[in-house]
Amino acid sequence: MASRLPPALILMDIQLPQMDGMEVIRRLRADLRFVATPIIAITAFAMNGDRERCLEAGATEYMSKPLRMIELSAIMQKLLKKGTGAS
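Residues numbered from 1 in each chain as written. Predicted model: local features only at pLDDT ≥ 70, side-chain atom pairs only at ≥ 80, totals over all residues. Heavy atoms only, no water.

A. Up close: the overall build of the chain. Secondary structure assignment for the chain yields three helices and three strands. Expected size for 87 residues packed as a compact globule is a radius of gyration near 12 Å; at 13 Å, the chain falls within 12% of this value. Projected onto the principal axes, the alpha-carbon positions of the chain cover approximately 35 × 30 × 20 Å. Burial analysis of the chain (87 residues in total) assigns 34% to the buried set. Counting only carbon and sulfur atoms, one obtains 59% of the accessible surface of the chain, whose full area is about 5900 Å². The average position of the 12 basic charges and that of the 9 acidic charges among the side chains of the chain differ by 6 Å. (Helix = DSSP H or I, 4+ residues; strand = E, 2+ residues; numbered from the N terminus. Rg over C-alpha atoms; globule rule 2.2 N^0.38 Å. Buried < 20%, exposed > 50% of the residue type's maximum accessible area, 1.4 Å probe, protein only. Areas by Shrake-Rupley, 256 points an atom, 1.4 Å probe, with all protein chains shown as cover. Lys, Arg positive; Asp, Glu negative; His and termini not counted. Charge placed at Lys NZ, Arg CZ, Asp CG, Glu CD.)

Listed below in structure tokens is the structure:
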């Protein structure tokens, strides 16, 4: 889906039914079109080491559910602003 309409930012659920979200992140990062696209990894199962594994897979940020919308919005705005070169 991302290849049809390149996104400015990706929210990636780690618990996907057919493929692990971290594998999806790795595949996106391997594609030159998505090397710089911010990816926020989101998971309901926050366990020790999950943040580090997601960041190692290529996620830009990590959040656990339940999401705090104000925090998610602030992170998204920061990442999108960074991507435009604005400060």
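B. Expanded view of the sheet that holds strand E2 (residues 39–43). The strand order across the open sheet formed by three strands is E1-E2-E3, and the pairing between neighbours is parallel. Two strands in the sheet have a free side with no partner beyond their single neighbour: strand E1 (10–13) and strand E3 (61–64). With direction set aside, neighbouring strand axes in the sheet form an average angle of 25 degrees. Where E2 lies against E3, four bridges are found, and the strand directions are parallel. Counted as the bridge partner of threonine 43 is serine 64 from E3. Relative to the sheet, helix H1 (residues 21–30) contacts E1 and E2, its axis offset from that of E1 by approximately 145 degrees. Along the sheet face, helix H2 (residues 50–57) touches E2 and E3 and points at about 145 degrees away from the line of E3. (Pairing = 2+ DSSP bridges. Axes fitted to C-alpha atoms, helices over the stretch in contact; angles between N-to-C directions. Contact = heavy atoms within 4.5 Å.)

C. Spotlight on the pattern of salt bridges. As enumerated under the stated definition, the model contains seven salt bridges in all. Notably, a salt bridge pairs aspartate 50 with arginine 53, separated by 2.7 Å at the nearest N-O pair. Taken together, the residues aspartate 50 and arginine 53, both in helix H2 and three residues apart, mark about one turn of the helix. Take aspartate 50: its relative accessible area is 11%, and that puts it in the buried class. A salt bridge links arginine 68 to glutamate 71; the nearest nitrogen and oxygen atoms lie 3.0 Å apart. In this structure arginine 68 comes out as exposed when scored by relative accessible area, which is 53%. On the basis of relative accessibility, which here comes to 32%, the residue glutamate 71 falls in the partly exposed class. Here the residues in one salt-bridge network are Glu23, Arg26 and Arg27, joined through shared partners. (Salt bridge = Lys/Arg side-chain N within 4 Å of Asp/Glu carboxyl O.)

D. Summary view of the nonpolar core. Counting 15 residues, the largest nonpolar core has Met12, Ile14, Ile25, Leu28, Ile39, Ala41 and Cys54 as its most contacted members. Elements supplying a minimum of two residues to this core: E1, H1, E2 and H2. Per element, the largest residue contribution to this core is four residues, and it comes from H1. When near neighbours in sequence (up to four residues on either side) are disregarded, isoleucine 39 contacts Ile10, Met12, Ile25, Leu28, Arg29, Ala59, Thr60 and Glu61. Listed in part, the seven residues of the second largest apolar core include Ile42, Met63, Leu72 and Ile75. (Core = buried A, V, L, I, M, F, W, Y, C linked by side-chain atoms within 4.5 Å.)

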